[in-house]
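One letter stands for each residue in the lines below.
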Amino acid sequence: NNPYEAAAIRGAGVDLAVRGRVYDAPQVTAIAINDGSIQRSVIRSLRVTFDRTVLLDPGTFVLTRQGGSPVTVTVATQIVAGQTVATLTPTGSGTEFGSLVDGRYSLTVVASKVHDPAVTALTMTADATTTFHRLFGDADGNARVDVVDFAAIRLSLFGNAMTFDFNNDGTVSTADILQFRSRFLQGI
């Protein structure tokens, strides 16, 4: 039995009071797609940063493709400057070559599954949700593959620009260009 949890009182505006001390609820401070760049051509990871070190229950992160089912993710956590940073990697159904498939997505961090380690009864006060899209070839993040993206792929031809590496083989080649071409002047 944790003596701090026994005296816990939860209420609106005051997150948790334990033996006269008020604790604020943990919060998500940032959600980054890949490395935080605007490109949505290839999405191989999502990064969620919390305002402190937190404990995460299984099922904390729910990634769903619009009109589809949840996408399985593996979660790796690390502590950076006193904050938990969770890196989510999509796996299995809903992915191709290590990236999400084209579509619109929502990522929800389930509030009841994120705990303050000092007072485990203290969880986030509300779910944190972000929406985003993946469209191979969309280097500028505008949900269309257009002439701006065409200029960008031309500059990366036969190089190692991961933004246009559809098949994740480490280089931009003819196979990747064919995938780009099939989406040219398309939107999502």
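Source: prediction; values computed, not measured. Numbers given for residues are sequential positions, taken from 1 along each chain in its written order. Thresholds applied to this predicted model are a pLDDT of at least 70 for local features of residues and 80 or more for the giving and counting of side-chain atom pairs; totals over whole chains, interfaces and linings are not thresholded and use all residues. Neither water nor hydrogens contribute to the side-chain values; these are computed over all heavy atoms in the structure.

Student: It is not clear to me how unusual backbone geometry should be interpreted in this structure. Could you clarify?
Tutor: Leaving glycine out, the prevailing phi sign among residues is negative, and the prevailing peptide bond configuration is trans. Here the phi dihedral of Phe97 falls at roughly 50°; this positive angle occurs in a residue that is not glycine. Tracing the backbone through its elements, the reader meets Phe97 in the loop between strand E10 (95-96) and strand E11 (99-100). Here Ala143, not a glycine, exhibits a phi torsion of approximately 70°, which is positive. Secondary structure counts use DSSP, requiring at least four H or I residues in a row for a helix and at least two E residues in a row for a strand, with both numbered from the N terminus. Looking at where Ala143 falls in the secondary structure, it is placed in the loop between strand E14 (128-134) and helix H2 (147-156).

Student: Any chance you could explain the pairing of strand E9 (residues 83-90) here in plain terms?
Tutor: Looking along a regular strand, one sees the side chains alternate between the two faces of the sheet. Taken together, the four bridges between strand E4 (residues 46-50) and E9 define a ladder with antiparallel strand orientation. Pairing of Val48 across the sheet is with Ala86, part of E9. Pairing between two strands is assigned when DSSP locates at least 2 bridges connecting them.

Student: Explanation requested: the sheet that holds strand E12 (residues 103-109) in the structure shown.
Tutor: Within a beta sheet, neighbouring strands are joined by backbone hydrogen bonds and run either parallel or antiparallel to one another. Ordered by their spatial adjacency, four strands build an open sheet running E7-E6-E12-E14, and the pairing between neighbours is antiparallel. Two strands bound the open sheet, and with one partner strand each, they are strand E7 (70-71) and E14.

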